[in-house]
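Here is how the chains run, residue by residue.
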Amino acid sequence: METGIKFGDYHSYKDWGLRLIRINIPMPQPKTYKVSVPGADGTLDLSEVAGRTTYNDREGLEFEFDLMDENYSRWLTMYSQISNAIHGQRIQVIPDDDPGYYYICRLNLSSTKSDPVLSQFVLTGTSDPYKYDVQTSIEDWLWDPFNFETGVIRELKDIQITADSKMVEILGSGLDVVPIFAVTASNDLALSYGGKSYPLPVGNTRLPEVRVGGTTQTLTFTGTGTLSIDFRGRSL
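Here's a quick rundown of the structure. Given the structure is predicted, the values throughout are model-derived calculations rather than measurements.

With that settled, consider unusual backbone geometry. Not every positive phi belongs to a glycine, and glutamate 70 is a case in point at roughly 70°. By the secondary structure assignment, glutamate 70 is in the loop between strand 6 (58-68) and helix 1 (72-86). Phi angles above zero are rare outside glycine, and aspartate 188 is one such case at about 55°. Examined against the element boundaries, aspartate 188 turns out to sit in strand 13 (residues 180-193).

Next comes the structure, spelled out in structure tokens:
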């Protein structure tokens, strides 16, 4: 089976017969903020004043294919069919060679035919800065797209915090994110983090100070209860 790319609900080769020729997924440019200080040399770089680097959207994405359509009539039919499915739309994009992640893209389609047998299809556009884990930390893992060399399995659903079990290890991969602590039972349940204690009542609690997923870390809790730690990993 030819390697391809999944665009939303469609696969480039399985559904349309497009043969992948070239992929270009540039890195997003970091957002920078520099201030010129009167009387001082150079500039003051405040780009990471929030504690981390932020990024612009990825610009210049390009996916190039060719299609063995054999005549101009079929080329025009496929041009319309593919355009109707994805042109100008905001969709998930999953390369076959990186199945554990998806990009959120808005792509434009163009196509040319200068050969009786083959035509060329090119999708260009932008995406969010990051690629995202296909599964969240509380969803069941799908083994078919799992990468056994680089993939990370996180089992963070319905965790029992007891007197004998108060620590939860969260494996790192990619960049850190702010999780949601979804608590279903709480008996003075609280998170100890950065020298502070954060109460975790029943319900969903989001703590902007707490970030997980970038590096492997262990969270420590006090009290007892049941909770899930819900987040979707992301990476450049």
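The next thing to look at is the pattern of salt bridges. Inspection of every chain in the model, using the stated rule, returns seven salt bridges. Ionic pairing is found between lysine 113 and aspartate 69, a salt bridge with its closest N-O pair at 2.5 Å. One end of the pair, lysine 113, is in the loop between strand 8 (101-112) and strand 9 (118-127); the other, aspartate 69, is in the loop between strand 6 and helix 1, with 44 residues separating them in the sequence. On the accessibility criterion, lysine 113 (11% relative accessible area) is buried. Classification of aspartate 69 as buried rests on a relative accessible area of 1%. Note that aspartate 98 is salt-bridged to lysine 131, the shortest N-O span being 2.8 Å. Taken as a pair, aspartate 98 in the loop between strand 7 (90-95) and strand 8 and lysine 131 in strand 10 (residues 131-133) lie far apart in primary sequence, 33 residues in all. When its relative accessible area of 18% is taken as the criterion, aspartate 98 is described as buried. Owing to a relative accessible area of 12%, lysine 131 belongs among the buried residues under this scheme. Sharing partners across several salt bridges, the network here consists of Arg22, Glu62 and Glu64.

Definitions and cut-offs
Residues numbered from 1 in each chain as written. Predicted model: local features only at pLDDT ≥ 70, side-chain atom pairs only at ≥ 80, totals over all residues. Heavy atoms only, no water. Helix = DSSP H or I, 4+ residues; strand = E, 2+ residues; numbered from the N terminus. Salt bridge = Lys/Arg side-chain N within 4 Å of Asp/Glu carboxyl O. Buried < 20%, exposed > 50% of the residue type's maximum accessible area, 1.4 Å probe, protein only.

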